[in-house]
Amino acid sequence: MSLEEKIKQKAFDLGFDAAGITTADPMDAAHSEYFQQWLNDGCAAEMGYLHRNIDKRFDPGQLLKGATSVICVALNYRPKCGRSFQLRKGTLHIARFAQYEDYHPFIKDRLFQLAEFIKNMGINSSPPAKGACPEGERGLKFKACVDSVPLAERAMAQRAGLGFIGRNRMLINPKLGSQFLLGELITTLRLEADEPFEQIPCGGCGRCIRACPTGALGFDGSFDARKCISYQTIETPAPTSSPPVKGACPEGGRGLGYIFGCDECILACPHELGKPERKNTNFQFHPEWQDLTPDQIQAMTEDEFQTTFANSGFIRLGLDRLKRNSAAAQAARS
Ligand code: B12
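Residues numbered from 1 in each chain as written. Predicted model: local features only at pLDDT ≥ 70, side-chain atom pairs only at ≥ 80, totals over all residues. Heavy atoms only, no water.

Visitor: I'm lost on the overall build of the chain in this one. Help?
Guide: Helices and strands together make up the secondary structure of the chain, namely 13 helices and 8 strands. Buried residues in the chain amount to 51% of all 334 residues. Carbon and sulfur atoms provide 51% of the accessible area of the chain, an area that totals close to 15700 Å². (Helix = DSSP H or I, 4+ residues; strand = E, 2+ residues; numbered from the N terminus. Buried < 20%, exposed > 50% of the residue type's maximum accessible area, 1.4 Å probe, protein only. Areas by Shrake-Rupley, 256 points an atom, 1.4 Å probe, with all protein chains shown as cover.)

Visitor: I tried to follow the sheet that holds strand β2 (residues 69–76) on my own but got confused; where do I start?
Guide: Across a sheet, strands are paired by hydrogen bonds formed along the backbone, either parallel or antiparallel in direction. Strand order in this open sheet of 4 strands is β1-β2-β7-β4, and the pairing throughout is antiparallel. One side of each edge strand has no neighbouring strand; the edge strands of this open sheet are β1 (18–23) and β4 (142–145). The sheet shows a mean angle of 20° between the axes of neighbouring strands, direction not considered. Strand direction decides the pairing type here: β4 and strand β7 (residues 180–187), joined by 4 bridges, are antiparallel. Looking at β7, one finds that Lys-143 is bridged to Ile-186. Those strands touched by helix α1 (residues 3–13) are β1 and β2, and its axis lies near 140° from that of β1. (Pairing = 2+ DSSP bridges. Axes fitted to C-alpha atoms, helices over the stretch in contact; angles between N-to-C directions. Contact = heavy atoms within 4.5 Å.)

Visitor: Sorry, what's going on with the side chain of Asp-263 here?
Guide: One can find Asp-263 in the loop between β8 (258–260) and α9 (264–267). Within the structure, Asp-263 has its side chain in polar contact with the backbone nitrogen of Arg-96 (distance 2.8 Å). (Polar contact = N/O pair within 3.5 Å; in protein donor to acceptor, adjacent residues only side chain to side chain.)

Visitor: Whenever I open this one, the pairing of β2 confuses me. Can you help?
Guide: Each regular strand shows side chains that alternate between the opposite faces of the sheet. Counting buried positions along β2 yields 8 of 8 residues, so the element is predominantly enclosed. Going residue by residue along β2, you find Ser-69, Ile-71, Val-73 and Leu-75 tucked away on one face and Val-70, Cys-72, Ala-74 and Asn-76 tucked away on the opposite face as well. Direction of pairing for β1 relative to β2: antiparallel, over a ladder of 6 bridges. Across the sheet, residue Ala-18 finds its bridge partner in β2, namely Ala-74.

Visitor: How do you make sense of the site of the ligand when you look at a structure like this?
Guide: The environment of the ligand is formed by 39 residues, the closest being Asn-168, Leu-171, Leu-182, Ser-230 and Cys-262. In this structure, Leu-171 approaches the ligand through a main-chain N or O atom, which is 2.8 Å from an oxygen atom. For the ligand, a nitrogen atom lies 3.1 Å from a polar atom in the side chain of Asp-263. Broken down by secondary-structure element, the contributors of at least two residues to the shell around the ligand are α2 (29–40), α6 (153–159), β7, α8 (229–234) and α9. Residue assignment places the shell around the ligand across two domains, with domain 1 (3–80 + 100–187) and domain 2 (207–277 + 287–333) each supplying three or more. (Near = heavy atom within 4 Å. Domains from an automatic or database assignment.)

Visitor: In this structure, what is going on with the pattern of salt bridges? I would like to understand it.
Guide: Any two side chains of opposite charge can pair, on the condition that their charged atoms come close. Following the criterion strictly, the structure yields 7 salt bridges and no others. Two residues, Arg-110 and Asp-109, come together in a salt bridge whose shortest N-O distance is 3.5 Å. A relative accessible area of 14% means that Arg-110 is categorised as buried. On the accessibility criterion, Asp-109 (36% relative accessible area) is partly exposed. Between Lys-119 and Glu-116 there is a salt bridge, and its shortest N-O distance comes to 3.5 Å. With Lys-119 and Glu-116 both in helix α5 (residues 103–119) and 3 residues apart, this pair spans about one turn of that helix. (Salt bridge = Lys/Arg side-chain N within 4 Å of Asp/Glu carboxyl O.)

Visitor: What is the right way to read α2 from this model?
Guide: Residues three or four positions apart in an α-helix share a direction because the helix packs 3.6 residues into each turn. Relative to the 16 Å expected for 12 residues at 1.5 Å per residue, α2 spans 16 Å between its end C-alpha atoms, a close match to the ideal helical length. Taken residue by residue, α2 has Phe-35, Trp-38 and Leu-39 as its buried positions. For α2, the arc enclosing every buried residue in end-on projection is 100°, short of the 170-degree limit, so these residues lie on one face. For α2, the exposed residues set more than 90 degrees away from the buried face come down to Ala-30, Glu-33 and Asn-40. Looking at the buried positions of α2, the neighbouring elements they touch are α3 (54–57). Within two residues after α2, Gly-42 carries a phi angle of roughly 85°, on the positive side. (Expected span 1.5 Å × (residues − 1). Arc of directions from axis to C-beta.)

If you want it as structure tokens, here you go:
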């Protein structure tokens, strides 16, 4: 087994469903230009953090000094339940990724374990790539990234051969579909890179565009976060924030009852058909949260909220936003 194969095998042993390797070279300028234009058009709405560290987002070498490779991993989160479960009448809907424990520490912890594994492979003493490490620092270095680090994760994963970007903006893997989360381990270890995944055009399909209840996706490939239910439910500040954000969560999921994220453009995608359920059962799934009624959510105290949703992404969302989203979803349905 080559070094790269051993690393990928370890990633699978740790519970990831796909792994690929790319260089830490800066990405094509087309990506940053596209991203900058998207920001200029206002499509990032109030996500101010996307306006910061733009150079780093497209250059892993700026996130870890001396970086030469990026190991990209994917964690399948497709639950056993079918779509009918998701759309039970009268219930509030929680996007599938949010029905799990918080994926950030879960993936990061396993990326740290992958880094430890590599450190213990006995390659620590190999000389660093020319100019890779400053004098006296010859050990391998790693940086684990999941979401919060400014790195264009989908574009990076495509370059590592994990899939292509669909019109619904999701990274789509031919074996897994798109219900997976991404993580990356940037390292100073020089590895052989995989071939980038060729872009597969979505052609005239357009199912995701028609499925989006709020018109966030366009046939021209555009995506406007301001209209996206996921953005409206997750990223717009709580009602108590000052000054209030204009248009915060106005749609209430257009009657679909989403209170945390949205899956409509994913579930409509033909690449989702016949794809496997998640295999990593250590990633804690909480389907019981879907049974919460709007009344129960409105009556919830902060203590109850912290207990019910311990170690989940709900804690990041906060009780104020959850109550706001639930009220908006209920109002849009009645
Ligand atoms: C901000 C953000 C959001 C925002 C904005 C979403 C968006 N589409 O940009 C909101 C809150 C709406 C959101 C929602 C969701 N998100 Co989100 N999000 C992010 C985050 C933090 C940054 C994304 C970003 O940079 N957006 C800016 C746009 C411009 O980037 P982009 O669409 O990815 O496009 C890039 C490439 O695809 C490529 N590209 C695309 N089109 C074109 C066209 C041309 C011409 C060129 C040259 C390049 C190009 O270039 C762009 C720049 O690199 C990433 C994590 C990360 N650090 O990357 C997670 C991430 C993208 N989200 C993720 C998930 C799971 C979701 C949701 C499914 C959650 C849910 N169920 O509600 C939805 C999906 C919505 C959707 N259809 O995109 C996953 C995606 C996994 C996957 N399989 O693709 C990520 C990678 C998080 C993770 N670590 O797993 N998200």
